[in-house]
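Residues per chain, in single letters:
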Amino acid sequence: MKQDFFSRTDVRGALVGLAVGLVLALGLPFLPGVGAGLALRTLTVCAIYALAAAGVGVLYGRLGLVSIMQIGLVAVGGWATLRIYHATHLPFEVVMVLAALVTAVVGVLVGLPALRLSGLSLAIVTLMVAGALEVLVTYAGFPNGGNGFLGRVSGGTLAVIMPRPGLGQSDDEFFRYVGVVVVVVLALLRWLLMVRPGRTWAAIRQGEAGAVSLGVNTVAHRLLALAVTSAVTGVAGALLAAGSGILDPASFKAQQSVLLFATVLIGGAFSLLGAVIGGLFFYGMPQLLSTVGLDGNLVFVVLGLGLVQAVTTAQAGIAGQLAELWRRLRPRLWPRPRREVTV
Amino acid sequence: MNRILRATAALGVGALVVALSACVAETDTGTIQGAPSADADDLRCGLGTGEEATGEPIKVAAVATASGGVDFSSSPSSAKAYFDCVNDNGGINGRPVRYEFGDDALDPTKTAQLAAGYASDTSVVAMVGDATFVGCDVANVEYEKAGLYSITGVGVPQACFESSNIAPVNAGPRTSALATLQYFERQGQADPFFAIGLNTRGNGDWVADGIEKYTQQAGIDLVGDVLSDPAESNFLPLVSQVKQAAPASLVVVDPAPITASILATAEQQDAKGDIQWACTASCYDAQFGEQIGYYWEGFVANSELALVTAEGEDANQWRAVMDEYADADAPRDTFSQAGFLAAKIFVDALLPLDTENLDRETVSEAVLGVRGYESDLLCAPWYYGEADEHHANHATRMAIIESGTYVELEGCQDVADPDMAEILEREQSEGLLTE
Amino acid sequence: MTALEISDLRIRRGGIEVVHGIDLTVNAGEVTALLGANGAGKSSTVLAVAGILRDTSGSITTDGTTIRGLAPNRVRRAGVATMQEGHRVFGDISVADNLTIASLLLPRHERAEAVDSMLDLFPEIHGFADRPAGSLSGGQQQMLALATALAARPKVLVIDEMSLGLAPLVVARLVPALRAVAERGVGVLLIEQFTSVALELATSVTVLAQGLVTLRAPAKELLDHPEKLTAAYRLTEH
Amino acid sequence: MNLLPFVVAGLVIGSVYALSGVGVLVLYRTTGVLNFAHGAVGGMAALLVWQTVELRMQPPVAIALGIAAGAAIAFLFGLVAGPSLARVDQLRKAIATLGLALALLGVMLFVWNDKARTMRLETSRISFDVAGARVNVTQLVCLALALLVVVGTLLALRHTSMGTSMRALASDRELAAVVGTNVRLVENTAWAVSGAVAGISGILLADQTRLEPAFLTFLIIPELAAVVIGRFVSLWLTLVGGLAVGVGQSLVSAWPTVSAFSTAVPFVVATIVILVATRRRVVTVGVVRA
Amino acid sequence: MSRLTLSGITVRYGGVKPLDDVSLAFESGVCGVIGPNGAGKTTTFNVLSGFALPVAGSVDLDGDDLLAVPAHRRARWGLRRSFQQEQVVRTLTARENVLLAAEHSGSPAADADRALDYVRLARPHRLGAELTMFERRLVDIASCVVGTPRLVLLDEPAAGLDPAESERLLGLITRIPEEVGALVLLVDHDMDLVRAACGTVAVLDFGRRIAAGPTLQVLSSPEVRKAYLGIDEEVTT
């Protein structure tokens, strides 16, 4: 069976993706023009948001759940990271894992009552939660070295900035650090999608009744999906906090969650490549537009229309269209006889 | 068919409206009512040669908040206008300034990113005319690492005034609020006092802290100190609190749009009463009086620099440069003056240098060396200098709305801030106020 | 006179062809029965005629007008009314309004009259004009469905599973009503599980099996030779 | 503390939420589209009114134009995207309108940015005291309009042929088509009507709250809360829901200790209602056949 | 020998009773459940798989009370089911589909391969989306025989298949009782298939049982013929 495992196209695709991801993560800073400064910083944040996008993508593409609160969860992850760091000064890696766990717990708690809902109701509830999280985060602010549970300094005292992780001090080191973390997390997620939980999620999406009759505990598996995607999103929050050492409620508005959801659908919710493209769109597009001198707000127009198009005509998004292109081109590029596999 | 026709007509009307709104009125917003008219000398920026600079460009940049709910781009816009004027007048000894600014969209992550971008681009010699609402702390980390210095146009959060590599030209919300408070104190109208602020990082709480400390020290009864959410739309609770507290005077430390909403609610509840309402420099905009309407006749605002109608060499030049080089609808406010002045300080610091050797190191040295810089836009000389805090502008003016426009209420007054002792001491001990 | 003409009709559902080229003619003033086992393609044919299934080829015409490929409302406007399976009515809307909706096809001044005449034609639902249609019994709902289909005076009436789930008494009431409809010159295509009912009403019978026509015969002939029918159903004893 | 001004303000904002909710509901019941762009359409209308008034247009004309623009935007979207939307499930329909909301928001921010703007309708300048609370004519208009629109919609749905067709579509879209209803025409009308209602509410909300693109766009959240309370069916309950959300929000804001959370009131209310309303859901046989 | 007994099952949706006091008993082998549309066949299956809760009645398989087991635990208990619309997950390979059934019924992965062997599906590593209708039906059957099922419910497994395919499917279904050891209930409209596969059949009509017994005997009874064909005795005789 092992041999079969590696001969499967999706496994090969995942391995290729892993390799390409690692090469990009480690190699991009060497490219001229990318090596330092704005472009690298932008790519770093794009990579981080690819994680949040992957969370949205897995929920929508694999379970058919619409979650419009992902940026709120990024904020939760960032908040937990800063809070834990300022309280304990543990190494960043430990803080990141703890923050991911906290985010998973929050995600599950928020989603638990909503899990029995499906479709539109869940979308509305998550949108409402995104709004509520925005209010909460604006009220509580992000910890910056102060006392008390909220950990905020105020008045005349200046904020304390969380230092970057030891392995990612400079910008290009930090990019590699983020790159490796993102690739590893995405690889874990991909692996999860190929084994039992992923199969089960696919079955739930195909049809609830069919899944139940196979013996699937749908609530438990939805809960698992919510926990996993929330944890992944929490990692994104942790990395974001590590990047600048301090966070601001202004970065985590409900409309950002809507925007992220749009980019994921445009990128393609059915594959992790789509999530990476979504992350690039979400954060890279505004940057790209402003470098060519266009108003950053035009991003909303482009993404909004893109979303309408993605929903009505191109369900698999850009990633789907790329895959289709690849399917058509491959036989021409590398013609080979079809192998018949029989058991 | 009839239905299709009707639909088409409706669409046509819609399209017409959209088209109308797209070409925003190019009316006479450029000139400022009541200001002296410009003369030709006002456009002799920098060397004033009248010849275009053609040498190798000098790269200068800025980070400002232009979108995301707050628009503070008037500072880099005026800096750009001034640089354009300088480039038309021989530049920096023949080398033009190439200026660009990045929009952080009210997101500190983005501020850090833009700052890092400019910091890593070693051809950027300095930051001039920045105006970020959120990210001085994260930006300073990047500047410090890269030995880059910013002559910031508008600093808002606390960190802009307490950073090693950032020195704002404006006075900041805390100073502006204290200035307003102290004006009322001088008028005998400050007791009891009420303060309204915005709950953004390093801004509202910092301002509130200053007001609390000062009122305590001065024995003023602070009957209210409210920070509101930037997304708040319902100012009724606030207005009702104000009504109940019945202060003698009140200061709003919010950006102009939010202040306008608060004032609208207050007007609706007819809450002006005997309270003297005022705002910090953030509402000091040539158009603000017209916007809030006749009800607010007598509304007071602080101005961190000279009034927009003031007569003076730099004030005149600012208006002339804006009319000539900036968009007609670019705001004419304190922050525009600040960006302009930041650019001017920068150009004046560079002109004496050896043109061949202009790099980040030499420019930083020159910028750090600025001291005792005098301008009629300022009340007191401006300086940079090596320090962990930069807060040169702490003397401001007051204005009042009469017939819909601001007129001067009080000239330059130094602002007392209990936390500013170190700055004042340094000004004296290092002789920063004289060149 | 031909009211509805179907020729070489092929229907695909979910990409799979379920009806493989059938021909069918419905004459005005007559009831034509379409019979066959479950899954033979009868309902697909109804849905294709009604314009609900659009992945079709071949031709469907009424009075020389092509209706294949038209949207359901255009098909209805062309004079072909359909009664879908399972006494489908607007459940949360009153009986009178159910009829009003159907009557909107008529000129404004004829609408109220059409509604009244339908309520008069079916006394069973007359008393419930203001009740939500969903609260009626299955038989009453089927009456209402029939009334709704007739309200705007169609030239062709297609009925899917008229007696499905209805008590025999109700069916006995529907049969003359339908006969009356045909006698007024409407061409009726009847899909019916109870062959006895179908044969009683119909002039001619077409049997489908697995998407193909397996038998076409006058109803009278089948009444005399029921074994032909069973053979066509493939429900034969081997 | 005198709570009356808060009750009045809450009723006024609540009535506009309700008004919006009715627009959302009519469209949802007729086309199955839950329009997340309702707030954005309203924002667009409000900004157009502001702009045309700036261009020295008579305010009544400007307002009429704004409402027409709201109707036109919604109608156009329905016309262009409607056929594709008819083919996808309700969730995707709603998501597509999120796209429209984003696009409209982008256009508004691009054209108008976030400068200080206030829109004061003439009627807001006339105010009087009612039992210690100050009320202006716009606020009375809001309340009256909400009632009027609810009653008017109910009457129109009952007594006009278009209204009857809309009810038919809401009840059973396929059956409606089969009995001859011109589905596309009814849907396009629903879009236009809902767009006009969005325009009216947008203009009123801009007068009562803030004239800011993002703010007006995301007012869809409390507006949806009203629809949720109406269980996506009842116009009266939507009216009650809107008023309840508005008053709740306003009263919470009157308490200094919790006032920071007043903006969260609609979210909490809507979430609770959704959770309670869908509490008893089991796997339905409908899913089996899907 | 396993024995499934449904006693007095009544299901109510609103005012409708899709099943009204139905009692059925099935004993080993392949048993048919037939009846016209809307007779309550699928509802019966839904009761057995836990999607419909009867308001009265009980279900017993060899002494086990099936209704006491939650829906998603019934697979582990030994229940398998296929639907009218096959439920093959398009985004998973055929083998993964069967593996899923194995995993959630508590069977080892090797059982999945055994089940695939049973249906002889070629190239099980193709995605569900790439399979033909017939192959999907095979995957469904494989999912139904994975592990150690006690009761297999097949709802129109032959819908949409051509005669040759139906034939092959029939072979697979009839082998289930002896090779896998489960009781099979089969709903189908294809009378040839029912006759060939089922030793006994139960006939439902209007939510009531109208006949039960050996297939040939039941199918030729006048009452069944009337219900099924709508052919009245007066007409046929």
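Cut-offs and rules
Residues numbered from 1 in each chain as written. Chains lettered and ligands numbered in written order. Predicted model: local features only at pLDDT ≥ 70, side-chain atom pairs only at ≥ 80, totals over all residues. Heavy atoms only, no water. UniProt positions renumbered as here; feature names shortened; annotations may be inferred. Salt bridge = Lys/Arg side-chain N within 4 Å of Asp/Glu carboxyl O. Helix = DSSP H or I, 4+ residues; strand = E, 2+ residues; numbered from the N terminus. Buried < 20%, exposed > 50% of the residue type's maximum accessible area, 1.4 Å probe, protein only. Pairing = 2+ DSSP bridges. Axes fitted to C-alpha atoms, helices over the stretch in contact; angles between N-to-C directions. Contact = heavy atoms within 4.5 Å. Buried area = accessible area lost by both parts, 1.4 Å probe. Polar contact = N/O pair within 3.5 Å; in protein donor to acceptor, adjacent residues only side chain to side chain. Nonpolar A, V, L, I, M, F, W, Y, C, P; charged D, E, K, R; others polar. Expected span 1.5 Å × (residues − 1). Core = buried A, V, L, I, M, F, W, Y, C linked by side-chain atoms within 4.5 Å.

- An unreviewed UniProt entry annotates chain E as ATP-binding cassette domain-containing protein of Antribacter soli.

- Looking at an unreviewed UniProt entry, one finds chain A named Branched-chain amino acid ABC transporter permease and attributed to Antribacter soli.
- UniProt, in the comment section headed Subcellular location (unreviewed entry), describes chain A in these words: "Cell membrane".

### Description of the pattern of salt bridges
- By the definition in use, this model includes 42 salt bridges over all chains.
- For A:Glu208, the salt bridge is made with A:Arg222, and the minimal N-O distance between the two is 3.2 Å. You can see A:Glu208 sitting in helix 9 (residues 208–213) and its partner A:Arg222 sitting in helix 10 (residues 218–244), a full 14 residues away along the chain.
- When its relative accessible area of 7% is taken as the criterion, A:Arg222 is described as buried.
- Between B:Asp419 and B:Arg174 there is a salt bridge; the shortest N-O distance is 3.0 Å. Of this pair, B:Asp419 sits in the loop between strand 12 (405–414) and helix 13 (421–429) while B:Arg174 sits in helix 5 (residues 172–186), and the two are 245 residues apart along the sequence.
- What makes B:Asp419 partly exposed here is its relative accessible area of 35%.
- Residue class for B:Arg174 comes out buried when judged on its relative accessible area of 2%.
- Salt bridges linked by common partners bring B:Arg174, B:Asp209, B:Lys213, B:Asp417 and B:Asp419 together as one network.

### Some remarks on the sheet that holds strand 6 (residues 79–82) of chain E
Residue and element names in this part refer to chain E.
- Judged by pairing direction, the sheet is mixed, and its six strands sit side by side in the order 6-7-8-3-9-10 without closing on themselves. Two strands bound the open sheet, and with one partner strand each, they are strand 6 and strand 10 (208–214). Across this sheet, the average inter-strand angle for adjacent strands is 15°, counted without regard to direction.
- Both strand 7 (residues 151–155) and strand 8 (residues 183–187) contribute to a ladder of five bridges, which runs parallel. Across the sheet, residue Leu 151 finds its bridge partner in strand 8, namely Leu 183.

### A closer look at the sheet that holds strand 4 (residues 56–61) of chain E
Residue and element names in this part refer to chain E.
- Strand order across the open sheet formed by four strands is 2-1-4-5, with antiparallel pairing between neighbours. Of all strands in the sheet, those bounded by a partner on one side alone are strand 2 (16–27) and strand 5 (64–65).
- Direction of pairing for strand 1 (residues 3–13) relative to strand 2: antiparallel, over a ladder of seven bridges. In the strand pairing of strand 2, Leu 6 is matched with Leu 24.

### Examining the interface of chain D and chain A
- At the interface, 46 residues of chain D touch 43 residues of chain A.
- The junction of chain D with chain A conceals about 3800 Å² of combined surface from both sides, 82% of it contributed by carbon and sulfur atoms.
- It is D:Leu91, D:Arg92 and D:Leu102 that lose the most area in chain D upon contact with chain A, and together they represent 16% of the buried surface on that side.
- The interface formed by chain D and chain A includes zero salt bridges.
- Counting across the interface, chain D meets chain A through one residue pair in polar contact (both at pLDDT 80 or more).
- Taken together, the elements giving at least two residues each to the side of chain D that touches chain A come down to helix 3 (59–86), helix 4 (90–112), helix 10 (220–229), helix 12 (265–277) and helix 13 (285–289) of chain D.
- Looking at the side of chain D that touches chain A, the element that brings in the most residues is helix 4 of chain D, giving 16 residues.
- Its residues assigned to classes, the side of chain D that touches chain A comprises 36 nonpolar, seven polar and three charged.

### A look at helix 6 (residues 119–140) of chain A
Residue and element names in this part refer to chain A.
- Between its first and last C-alpha atoms helix 6 spans 31 Å; for 22 residues at 1.5 Å apiece the expected length is 32 Å, and the two agree.
- Across the 22 residues that make up helix 6, a large majority, 19, are buried.
- Backbone geometry just after helix 6 places Gly 141 at a positive phi near 65°.

### Observations regarding unusual backbone geometry
- Omega for the peptide link from B:Asp191 to B:Pro192 comes to 0°, which places this bond in the cis form.
- Inspection of the secondary structure puts B:Pro192 in the loop between helix 5 and strand 6 (193–198).
- Positive phi, close to 50°, is recorded for B:Ser403, a residue that is not glycine.
- Summarising the element assignment, B:Ser403 is placed in the loop between strand 11 (395–402) and strand 12.
- The exposed category is assigned to B:Ser403, whose relative accessible area is 66%.
- We note that E:Arg120 has phi near 55°; this positive angle belongs to a residue other than glycine.
- Mapped onto the fold, E:Arg120 is located in the loop between helix 4 (109–119) and helix 5 (133–145).

### Here we look at the side chain of E:Thr10
Residues and elements named next belong to chain E.
- For Thr 10, the location among the structural elements is in strand 1.
- Judged by its relative accessible area of 9%, Thr 10 is buried.
- In contact with Thr 10, other than residues within four places in its own chain, are Lys 17, Leu 19, Asp 20, Asp 21, Pro 54, Val 55 and Ala 56.

### Considerations on the environment of A:Leu294
All names here are of chain A.
- Among the structural elements, Leu 294 can be located in the loop between helix 12 (272–291) and helix 13 (298–312).
- Assessed through its relative accessible area of 43%, Leu 294 is described here as partly exposed.
- Sequence separation of Leu 294 and Ile 277 is 17 residues, and the distance between their C-alpha atoms is 21 Å.

### Observations concerning the arrangement of the chains
- Summarising the chain contacts, seven pairs of chains touch, and the pair with the most contacts is chains A and D.
- Nothing in chain B touches chain C, and the closest approach of their C-alpha atoms is 16 Å.
- You won't find any contact between chain B and chain E; their C-alpha atoms come no closer than 38 Å.

### Regarding the nonpolar core
- Ranked by internal contacts, the top residues of the largest apolar core, which has 246 residues, are A:Leu239, C:Leu146, C:Leu157 and D:Leu34.
- Here the element with the most residues in this core is helix 3 (residues 37–63) of chain A; it accounts for 14 residues.
- Aside from chain neighbours lying at most four places away, what touches C:Leu157 is C:Ala81, C:Leu146, C:Ala149, C:Leu150, C:Leu178, C:Val181, C:Val186, C:Gly187, C:Val188 and C:Leu189.
- Counting 99 residues, the second largest nonpolar core, distinct from the first, contains B:Phe194, B:Leu250, B:Ala326 and B:Ala342.

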